[in-house]
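# A closer look at the structure
Take a look at the letters that make up each chain.
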Amino acid sequence: MSRAVPSKHALNIIDRPIARNKLDIPTVSLSAFAYLFSELISYAMDRAASITELEDRLDRVGYDVGCRMLELLSYREKATRRKPEILDMLKHIHSAAWPYMFGKTADDLQQANAADDEYMISDNDLLLGRFISIPKSYSSFVPGSLVAGIVRGMLDSAGFPARVSAHFVEQPSSSKPTTTILIKFDASVMQRQAALDAAKRG
Amino acid sequence: MSLIYSLYVINKSGGLIYSRDFEPSAKLDLNDTLRLASIWHSLHAIASQLSPAPGCGGIELLQAESFDLHCLQAPTGTKFLLMVEPQCPQVTALLGRIYELYSDFVMKNPFYEVEQVIKCELFDEAVDLAVKRYPLMLLAAPQQALVLGPLGA
């Protein structure tokens, strides 16, 4: 009699390692998610008086997701210490959280030219907006607001309070606009970063 | 050369909710289109009741001298009509693909109200692309029914 192989579900959810292999990453059905997200937007739309309020509502939903996700991913990575550097944190979002959510890393992570405290994470084809055609009357609405909320939640619970917003940026090379998540860190974060940099330089 | 003339979508109460013409020469007047939609809806309903065959689902194909009209009825009662050149093969597969696109780009769009007129840019684009790729579909599967690929394929 062969011994039963322990299934991966025998491991507690937070003890499961982050899958390195793409095929091992557990996924939910995109259709099911798209319907849920569509209903979430309809629900928020019924209760919001303006597009800004609608985006705010999505952002608040995302915030809670972000707080929990940072917790879960850090447990699974067995990260025992917190990374105080801004770039480390952003890279974590760009190349650990993004694959966990969307099955690929974000397409771009860059610092804004104009300001030191602004960073941008871009995705050329954000999964959330793939099926959504935005009518003219809602032209300023960005479905990526949910992701902005998730990023804000992750940053906030890691100790990087920031203002995060989602924008569409038209691309000359493609018909689809890129979703850009704009992150503006609090002054306190920038001060800490400056202190860290000074300490490094000795 | 197999040509696709037009696509119409009829909601479950017989109203035309979408129409798109792919050949400028085969364009129908808007009133004619609306009339066609409601007449087809009624004929389809009558046919499924009058048919001696048990479990008849209505008219699937109407053949005329200058065009074929293929119809796919979804379980929800929404009907997809394709006007094509006579004797076009594989139209059922194309209709299936369009139904799939409808459930992706129309039903998953929070700005679409069910049973209302479809105004979704992404759906327009996806339908255009599917019709453009129709000749390739014929090359890929000459005789047998085409298996629908996964989403985004």
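All values derive from a computational prediction rather than experimental measurement. (Residues numbered from 1 in each chain as written. Chains lettered and ligands numbered in written order. Predicted model: local features only at pLDDT ≥ 70, side-chain atom pairs only at ≥ 80, totals over all residues. Heavy atoms only, no water.)

### Concerning the layout of surface pockets
Residues and elements named next belong to chain A. The line we're drawing: Any residue with an atom within 4 Å of a point lines the site, the site being either a cavity, points on a 1 Å grid over the protein atoms alone where a 1.4 Å probe fits but cannot get out, or a pocket, an open set with protein on both sides within 12 Å along at least 5 of 7 lines. Grid points are joined across faces, edges and corners, and a volume is the space filled by probe spheres set on the points. A run of DSSP states H or I qualifies as a helix once it reaches four residues; a run of E qualifies as a strand once it reaches two. Both are numbered from the N-terminal end. Throughout, the ten residues Ala, Val, Leu, Ile, Met, Phe, Trp, Tyr, Cys and Pro are labelled nonpolar, Asp, Glu, Lys and Arg are labelled charged, and all others, Gly among them, are labelled polar.
By volume, the largest pocket is sized at about 1,000 Å³. Around the largest pocket, the lining is made up of 31 residues, and of these V28, F33, Y100, M101 and F102 lie nearest the centre. Sorting the residues of the lining of the largest pocket by element identifies α1 (30-47), α2 (51-77), α3 (86-102) and α4 (145-157) as the ones contributing at least two each. When residues of the lining of the largest pocket are assigned to their parent elements, the largest contribution, 6 residues, is made by α2. Residue classes in the lining of the largest pocket are distributed as 21 nonpolar, 2 polar and 8 charged.

### Remarks on the environment of T78 of chain B
Residue and element names in this part refer to chain B. This is how it is decided: Only protein chains enter the accessibility calculation, which uses a 1.4 Å probe; a residue whose area is less than 20% of its type maximum is buried, one above 50% is exposed, and one in between is partly exposed. Contacts: residue pairs with any heavy atoms within 4.5 Å of one another.
The residue T78 is located in the loop between β4 (68-73) and β5 (79-84) in this model. The class of T78 is buried, set by a relative accessible area of 4%. When the C-alpha positions of T78 and A47 are compared, they lie 16 Å apart, and in sequence the two are 31 residues distant. Leaving out residues up to four positions away in the same chain, T78 has contacts with V9, I10, L72, Q73 and Y102.

### Considering the packing of helix α2 (residues 91-105) of chain B against helix α3 (residues 121-132) of chain B
Residue and element names in this part refer to chain B. Definition in use: Lines fitted to the C-alpha atoms define the axes, with helices restricted to the stretch that makes contact. Angles between their N-to-C directions range from 0 to 180 degrees. These descriptions rest on fixed angle ranges, namely under 35 degrees for roughly parallel, over 145 for roughly antiparallel, 65 to 115 for roughly perpendicular, and the rest for oblique. Left-handed describes a crossing whose near helix is turned anticlockwise from the far helix through less than a right angle; right-handed describes the clockwise counterpart.
At a minimum axis separation of 10 Å, α2 and α3 run at an interaxial angle of 160°. What the angle tells us is that α2 and α3 run roughly antiparallel. Along this stretch, α2 crosses α3, giving a crossing that reads as right-handed. Contact residues: L94, R97, I98, L101, Y102 and F105 in α2; L122, F123, A126, V127 and A130 in α3. Grouping the constituent residues of the contact of α2 with α3 by class yields 10 nonpolar, no polar and 1 charged.

### Some remarks on the state of the cysteines
All names here are of chain B. As a reminder, the rule being used: Disulfides are defined as cysteine sulfur pairs within 2.5 Å.
Evaluated as defined, the whole model comprises 0 disulfides over all chains. Lacking any disulfide linkage, C71 is separated from the closest cysteine sulfur, that of C56, by 11 Å. Judged by its relative accessible area of 7%, C71 is buried.

### Brief notes about the interface of chain A and chain B
Counted only if it meets this: Buried area is a sum: the accessible area each of two parts loses on coming together, probed at 1.4 Å, counted once for each and added. The definition of a polar contact used here is a pair of N or O atoms within 3.5 Å, where within protein one atom must be able to donate a hydrogen and the other to accept one, and adjacent residues in sequence count solely through side-chain atom pairs.
Listed by partner, the interface residues are 17 residues for chain A and 12 residues for chain B. Summing both partners gives a buried area of about 1,300 Å² for chain A against chain B, and 66% of it is carried by carbon and sulfur. On the surface where chain A and chain B come into contact, there are 3 residue pairs in polar contact (both at pLDDT 80 or more). Its residues placed into classes, the side of chain A that touches chain B shows 11 nonpolar, 5 polar and 1 charged.

### What to know about the pattern of salt bridges
Heads up, the condition is: Salt bridge, as applied in this entry: a Lys or Arg side-chain nitrogen positioned within 4 Å of an Asp or Glu carboxyl oxygen.
What the rule picks out here adds up to 16 salt bridges over all chains. One salt-bridge network, held together by shared partners, links K104, D107 and D123 of chain A.

### Quick notes on α1 of chain A
All names here are of chain A. Heads up, the rule is: One less than the number of residues in a helix, times 1.5 Å, gives the span that helix is expected to have.
Over its 18 residues, α1 extends 26 Å from the first C-alpha to the last, a length consistent with the 26 Å expected when each residue adds 1.5 Å. Among the structural elements, α2 and α4 are those in contact with the buried residues of α1. If you check the start of α1, you find a side-chain oxygen 3.2 Å away from the backbone N of S31, and it comes from S29.

### Focus on the environment of P110 of chain B
Note on placement: P110 of chain B falls in the loop between α2 and α3. Sequence separation between P110 of chain B and I4 of chain B is 106 residues; the distance between their C-alpha atoms is 30 Å. Among all residues touching P110 of chain B, those that are not within four sequence positions of it are S38, I41, S42, M45 and I132 of chain A.

### Observations regarding a nonpolar patch on the surface
This is how it is decided: Patch membership requires more than 30% relative accessible area and the absence of a salt bridge. Residues of like charge join within 9 Å; the nonpolar side chains Val, Leu, Ile, Met, Phe, Trp and Tyr join within 5 Å. Using the Shrake-Rupley algorithm and a 1.4 Å probe, accessible areas are obtained, with residue cover drawn only from the displayed protein chains.
Among the surface-exposed residues, I39, L43, I46 and L50 of chain B lie close enough to one another that they form a single nonpolar patch of about 400 Å² accessible area. The topology assignment puts L43 of chain B in helix α1 (residues 30-50).

### Digging into the sheet that holds strand β1 (residues 4-10) of chain B
All names here are of chain B. Filter applied, for reference: Strands were regarded as paired on the criterion that DSSP finds at least two bridges between them.
Across the sheet, 5 strands lie side by side as β2-β1-β5-β4-β3; this open sheet has antiparallel pairing. Single-partner strands in this sheet number two, and they are β2 (16-21) and β3 (61-63). Going across the sheet, the axis of each strand differs from the next one's by a mean of 15°, ignoring polarity. Relative to β5, β4 is paired through 6 bridges, and the arrangement is antiparallel. Considered in β5, the bridge of Q73 is made with K79. Across the sheet, α2 lies against β1, β4 and β5, angled at about 135° from β5, the strand it touches most.

### Regarding the sheet that holds strand β2 (residues 118-123) of chain A
Residue and element names in this part refer to chain A. Read across the sheet, 4 strands follow the order β1-β2-β4-β3 without closing on themselves; strand pairing throughout is antiparallel. Two strands in the sheet have a free side with no partner beyond their single neighbour: β1 (108-111) and β3 (162-169). Shown here is a sheet whose adjacent strand axes are inclined to one another by a mean of 20°, direction ignored. Relative to strand β4 (residues 178-185), β3 is paired through 8 bridges, and the arrangement is antiparallel. Bridge assignment links F168 to a residue of β4, and that residue is T179.

### With respect to unusual backbone geometry
Residues and elements named next belong to chain B. A positive phi angle is found at Q87, which is not glycine, with a value near 70°. The topology assignment puts Q87 in the loop between β5 and α2. A residue is classified by how much of its surface remains accessible, and Q87, at 63% relative accessible area, is exposed. Of note, the phi angle at E115 is positive, near 75°, even though the residue is not glycine. As for its placement among the helices and strands, E115 is situated in the loop between α2 and α3.

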